[in-house]
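Survey of secondary and tertiary structure
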Amino acid sequence: MSKSQVEQFLSDLRAAFATLENLPIPTIAAIDGPALGGGLELGLACDLRVAGSSVTKIGLPETRLGIIPGAGGTQRSTRLLGLSKAKDLIFTGRMLSAYEAKEWAPLALRAAKLAISRSPELALESGLDFENACYQPLLTSKDRDEALLAFKEKRPPKFKGE
């Protein structure tokens, strides 16, 4: 591809992913095979990502090709994973398995993201109600039980996303 073709391609991808991200309905990326580069960037634009347990290649390997994720991967991964994990994923170009990727986003983080994402559009009282709705399912999760036990035992928790 020529430089102008690459620029147009990335512009089109960014526009498509922005459209996906801004749909008025929830979006779910069903990952049933490798999600690398643009494939993962597509998933990052969705509200939720679900990967099959047999998936062994999830990553942003562009730096191994002398480029960077150009369709929003640097921005969305940082917002979803945090600065440190986004740097790890992008700087190393390494690939995660579905299990490893799941470990990077425990239930509480997903619930917090959902509550935070809706915050700007809700009045305070409605926002507090929505936060409570996000919080309630965590009370009966195995991850919460593990976190409390780990706190008591003075060790890091081992979340399973359950």
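Please read all numbers here as calculations on a predicted model, not as lab measurements.

Thresholds applied
- Residues numbered from 1 in each chain as written.
- Predicted model: local features only at pLDDT ≥ 70, side-chain atom pairs only at ≥ 80, totals over all residues.
- Heavy atoms only, no water.
- Pairing = 2+ DSSP bridges.
- Helix = DSSP H or I, 4+ residues; strand = E, 2+ residues; numbered from the N terminus.
- Axes fitted to C-alpha atoms, helices over the stretch in contact; angles between N-to-C directions.
- Parallel < 35°, antiparallel > 145°, perpendicular 65-115°, else oblique.
- Left-handed = near helix turned anticlockwise from the far one by under 90°.
- Contact = heavy atoms within 4.5 Å.
- Nonpolar A, V, L, I, M, F, W, Y, C, P; charged D, E, K, R; others polar.

**Considering the sheet that holds strand 4 (residues 58-59)**
Pairing within the open sheet is mixed, and its three strands lie in the order 2-4-5. For this open sheet the edge positions go to strand 2 (35-36) and strand 5 (95-96), each flanked by a neighbour on one side alone.

**Things to note about the packing of helix 6 (residues 107-118) against helix 7 (residues 124-135)**
Across the interface, helix 6 lies against helix 7 with an axial gap of 9 Å and an inter-helix angle of 165°. With respect to helix 7, the axis of helix 6 lies roughly antiparallel. Read as a crossing pair, helix 6 and helix 7 show a hand that is right-handed. Only Phe130, Glu131 and Cys134 of helix 7 make contact with helix 6, whose side of the interface consists of Ala111, Leu114, Ala115 and Arg118. Of the residues assigned to the contact of helix 6 with helix 7, the class counts are five nonpolar, no polar and two charged.

**Here's the deal with the packing of helix 3 (residues 73-81) against helix 4 (residues 83-92)**
Running from N to C, helix 3 and helix 4 point in directions that differ by 135°, and their axes come no closer than 7 Å. Taken together, the axis directions place helix 3 and helix 4 in an arrangement best described as oblique. Where helix 3 crosses over helix 4, the handedness of that crossing is right-handed. Two secondary-structure elements touch here, helix 3 through Gly73, Thr74, Ser77, Thr78 and Leu81 and helix 4 through Leu83, Lys85, Ala86, Leu89 and Ile90.

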